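Close look at the chain arrangement
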Amino acid sequence: MMETDMPVRFFLGANTPAGFVGYLDDLYDCRNGWRAYLIKSGPGSGKSTLIRTVMQHMVRLGYDAEAILCSSDPQSLDGVVFRQLKLCLFDATAPHIIEPHYWGAVEQIVNLSACSDGSLLYERREGVREASDACSALHARCRRFLGAAASLLSDNARTALEYTDADKISRSAARIAAREFGSSHAGEGREWRRFLSAVTPQGMLTFHETLQSLCPRIYSLEDEYGASSRLLLAELRQRALDAGLEIFTCACPLSPADKPEHLLIPSLGVGFTTSNSWHKADFPVYRRVHAARFTDMEALRQKKQRLSFNRRAARELIGEAVTLLEGAKQVHDQLESYTKEATDWEMVNETTLWVLAEFTRIAEEAALG
């Protein structure tokens, strides 16, 4: 089962109709004192275990951790961020490739590939190639199902938008912002993009625990079709940035380019989440804002048959996408087995000790000021 002892969990990337979409530029800030340790190696070489070991060590030292999970295998860690130290450790290999911008000054490479026996992997190259190609093919099929589902759900959103009062939403956003954001804060607003929800081999997962941990004051936007919530969140996002706040913006994995689903403002303890049948906020919240207050529901009911058909069909298509991701995970496990057999685990342990020493040193330097 997926670990639940990490209260702050995000996905940095997600499976979408356009393939893997990752907000890699938002992992750390090269120009603001951050340091990143980027792991380079193949599947099954101990990356996730290394990240988990470092995370547990730093948490024991008293630092808050932001765990970055893999949307293709939520039991696996892609990275960990220690915001207090401006420090992160991340699996920087495909599909979430990160290359150093300021080699050595900002980023350090953690080379676990040096712990693998290249000769043995070469002998098994046909198995590695076949498993890699099979995994890629399954992900490609998954994209097509997600694309079809996204098309149907977008049709529902467009239909609902026809009967939505955008001006009323704007006025509501202004009132909420005035009440929650207050006057302008020092400095410029800063946005960190993440996914709070993702389509995974375990189905659609949403890390509501992250929302509850970072934002005790939650507004739940009750919106089945994603028209009102999209407009309200977009305006709240801009108002928060204009107020100089640091925010986490979390997009919908089926429409990452233009559909915000969750907005978190940890410095204020305020969060906004879209609640519907895909990810229902079935826990206590500060206030529930219903899309019906912005929508001509009588007119929308005339489209009930079309809306219901689209939703049912989209659910079936997403179910097929999940099945394909399950298959891709099984193939990926086979791919990992080749690397595990070729890995010198004593060398991996030595590398792990080096990373632990680096992170401990950075923490001690920060404590000394």
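Let us look at the structure shown here. Here the structure is a predicted model, which is why all the values come from computation and not from measurement.

Another aspect to go through is the state of the cysteines. Enumeration according to the criterion identifies zero disulfides in this entry. With no disulfide partner, C142 has as its closest neighbouring cysteine sulfur the one in C135, 11 Å distant. Take C142: its relative accessible area is 2%, and that puts it in the buried class. Unpaired in terms of disulfides, C252 finds its nearest cysteine sulfur in C250, a separation of 12 Å.

Before going further, it helps to spend a moment on the packing of aromatic side chains. Tallied over the full model, the rule gives nine aromatic pairs. Measuring from ring centre to ring centre gives 5.6 Å for W34 and W192, while their planes differ by 50°; the resulting arrangement is tilted. Of this pair, W34 sits in the loop between β3 (19–22) and β4 (35–40) while W192 sits in strand β9 (residues 190–194); the two residues are 158 residues apart in sequence, bridging distant segments of the chain. W192 shares its class with W34; the two are buried. Aromatic side chains F82 and F359 sit 6.1 Å apart centroid to centroid with 80° between the ring planes, which places their arrangement in the edge-to-face category.

Let's shift gears to the sheet that holds strand β6 (residues 73–82). In spatial order, the strands read β1-β5-β6-β7-β4-β8; together these six strands make up an open sheet with mixed pairing. Every other strand in the sheet has two partners, leaving β1 (9–11) and β8 (107–111) as the edge strands with one partner each. Each adjacent strand pair in this sheet contributes to an overall mean axis angle of 30°, direction not counted. Running over the sheet, helix α1 (residues 47–60) touches β4, β5 (66–70), β6, β7 (87–91) and β8 and is turned about 50° from β6.

Another point: the sheet that holds strand β15 (residues 270–275). Across the sheet, six strands lie side by side as β9-β13-β14-β15-β12-β16; this open sheet has mixed pairing. At either margin of the open sheet sits one strand with a lone partner, and together these are β9 and β16 (287–290). Neighbour to neighbour, the strand axes of the sheet diverge by 20° on average, direction disregarded. When strand β13 (residues 246–251) meets strand β14 (residues 260–265), the two strands line up antiparallel, connected through four bridges. By the bridge assignment for β14, C250 is matched with H262. Along the sheet face, helix α4 (residues 166–180) touches β12 (217–222), β15 and β16 and points at about 170° away from the line of β12. The sheet contacts of helix α6 (residues 228–242) involve β9, β12, β13, β14, β15 and β16, and relative to β14 the element is tilted by about 30°.

The rules behind each value
Within any chain, residue numbers begin from 1 and follow the written order of that chain's sequence. Under the rules for a predicted model, residues below a pLDDT of 70 receive no local features and side-chain atom pairs below 80 are neither given nor counted, while totals for whole chains, interfaces and linings still include all residues. To obtain the side-chain values, all non-hydrogen atoms of the structure were used and water was disregarded. Throughout, a disulfide means two cysteine sulfur atoms within 2.5 Å of one another. Buried residues are those whose accessible area, probed at 1.4 Å on protein chains only, stays under 20% of the maximum for their type, while exposed residues exceed 50% and partly exposed ones sit between those limits. Pairing of aromatic rings covers Phe, Tyr and the six-membered ring of Trp, with a centre-to-centre limit of 6.5 Å; geometry is then stacked below 30 degrees between planes, edge-to-face above 60, and tilted otherwise. Under the DSSP-based scheme used, a helix requires at least four consecutive residues in state H or I and a strand at least two consecutive residues in state E, with every element numbered from the N terminus. Strand pairing is assigned whenever DSSP identifies at least 2 bridges connecting the two strands. Between the N-to-C directions of two axes lies an angle of 0 to 180 degrees, each axis being a line fitted to C-alpha atoms and, for a helix, fitted only over the stretch in contact. Should any heavy atoms of two residues lie within 4.5 Å, those residues are considered in contact.

Take it as geometry only, folks, not as evidence of what the structure does.
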